[in-house]
Amino acid sequence: MKHWMKWAGVAAIVAVAACSGADEEENTNNVNNTNNVNNVNNANNVNNTNNANNINNVDNTVAGFEGLVINEVVAAGDPDWFELVNTGTAEIDLSGAYFTDDIAGEPTKGQFPAGTTIAVGAYLQVEVADEGAGFKLGGDEEIAVFAPDGTTLITAVNWAEGDSPEAASFGRFPDSTGDFKTLATPTPGAENVDEGQLAECDNGVLEDGEVCDGTELGTATCEGEGFAGGDLACAADCQALDTTNCEIAMADVVINEVTSAGDDNIELFNKGNAEVDITGWYVADDNFDPQDIAGTEDSRYVFPANTTLAAGAYINLIKDTDHTFGVGNPDAVTLYDANNAVVDTSGEWPEDGATTESWCRLPNGTGDFTTCTTASFGAENVAN
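So, a few notes on the structure that sits alongside this text.

Parameters at a glance
Residues numbered from 1 in each chain as written. Predicted model: local features only at pLDDT ≥ 70, side-chain atom pairs only at ≥ 80, totals over all residues. Heavy atoms only, no water. Disulfide = S-S within 2.5 Å. Helix = DSSP H or I, 4+ residues; strand = E, 2+ residues; numbered from the N terminus. Buried < 20%, exposed > 50% of the residue type's maximum accessible area, 1.4 Å probe, protein only. Phe/Tyr/Trp six-rings, centres within 6.5 Å; stacked < 30°, edge-to-face > 60°. Lys NZ or Arg CZ within 6 Å of the ring centre and 35° of its normal. Pairing = 2+ DSSP bridges.

A few points about the state of the cysteines
Applying the stated rule across the entire model yields 4 disulfides. Two residues, C212 and C234, share a disulfide whose sulfurs are 2.1 Å apart. Here the S-S torsion is close to 85 degrees, and the disulfide linking C212 with C234 is therefore right-handed. In this pair, C212 is assigned in the loop between β12 (179–183) and β13 (229–230) and C234 in strand β14 (residues 233–234), connecting sequence segments 22 residues apart. Note that C360 is cross-linked by a disulfide to C372, the S-S spacing being 1.7 Å. One end of the pair, C360, is in strand β26 (residues 358–362); the other, C372, is in strand β27 (residues 368–372), and 12 residues separate them in sequence. Residues C360 and C372 agree in their burial class; the two are buried.

Description of the packing of aromatic side chains
For the structure shown, the criterion picks out 10 aromatic pairs. Ring centres of Y282 and F288 lie 5.4 Å apart, and the angle between their planes is 70 degrees; this geometry places the pair in the edge-to-face category. A centroid spacing of 6.1 Å and a plane angle of 15 degrees characterise the contact between W359 and F369, whose relative ring orientation is stacked. With a gap of 10 residues between them, W359 in strand β26 and F369 in strand β27 connect regions that are remote in the sequence. Side by side, W359 and F369 carry an identical accessibility label, which is buried. The ring of Y282 carries the charged tip of R300 above its face, separated from the ring centre by 4.4 Å.

Quick notes on the sheet that holds strand β10 (residues 153–159)
Across the sheet, 4 strands lie side by side as β6-β5-β9-β10; this open sheet has antiparallel pairing. Both outer strands of the open sheet, β6 (110–111) and β10, are each paired with one neighbouring strand and no more. In the sheet, strand β5 (residues 98–100) pairs with strand β9 (residues 141–146) via 3 bridges, with the strands oriented antiparallel. Paired with F99 across the bridge in β9 is V145.

Digging into the pairing of strand β25 (residues 342–345)
The sheet contact formed by strand β24 (residues 333–336) and β25 spans 3 bridges and is antiparallel. Residue pairing for β25: T334 is matched across the bridge by T345. The turn linking β24 back onto β25 is made up of 5 residues, and N340 within it adopts a positive phi angle of 70 degrees.

Focus: the pairing of β10
Among the 7 residues of β10, 7 are classified as buried, and the element is accordingly described as predominantly covered. Pairing between β9 and β10: 6 bridges, direction antiparallel. By the bridge assignment for β10, F146 is matched with L153. Linking two consecutive strands that pair antiparallel, namely β9 and β10, is a turn of 6 residues; a positive phi of about 80 degrees is found at G150 within it.

What is shown is where atoms sit, not what they do.
Here is the structure:
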């Protein structure tokens, strides 16, 4: 059974412990001691602490601390932390032991308080912050645990820039025994898991957390997104599909005017010569996902039964009277038919107040969208 003890509040103890006498300070900096950094694991040559492969497998057989290993590190957290695990066969007492991010220069930066123990198989998460331990972890960094004598290295790990990025960790896999690697999901107080490679946008590989990547779109197509055809693309941040070059089926009913101010009005216009039954058609903002209609239902408005739009007529939808979603800045509004095919779209307007009055078609009903300085909902759009 795994156990977890979260321990913080090192600050007061560290502040006192770090002010020990000069003799102790001299000893802690003597890295030529037979138990020190250079000799704990000759095969790994731990004297070179800038190579992340050198000290990560220190032989953890120091008497009284057998089986203690650093298991996981978060160096871009709030706060930063590292995790110890007891892989041995007896409880470990860390009272008076030290931890540091400067192995050769200052082994006694932080100190574990009296009574700090780790049961067999248990985890201990140690928070590292300026107001606690007196230091934080960095992108190209190391962390080590020393015995209470301040010179005997028990366990250590170092990492290079990018090994422990924001929202991820640098940990052993398999848990407790494996080599260190970047892990997508930190697991403080629990077994490390490897959920695969962190997503890297624009490498042409579709990874966890990405909607698409470059030309890799998975199974997505323009037709699958409700368009008549065309060339689907991926947004630059890999978080959305780009439907700019998808083709819209010709229809007489169009989105004619939108505003992000006031009542977030959305206007449809029938530019054709005949009445159109739009029962079951719907308008939606850019939070709507046609592949997850149920999950994004609150981002669309569906026209009820027997809704028709006469030739040359307008329908003006008003927030909280008709639709319930807000029209943002930026945003986009799309019109779908009852078969979930895209009929028309406003396109995404820019953030610079493009819809403060309205975002409208000029010429009315047929032109491209542009900023109109005077709203004309329910009537013909006019150039200003």
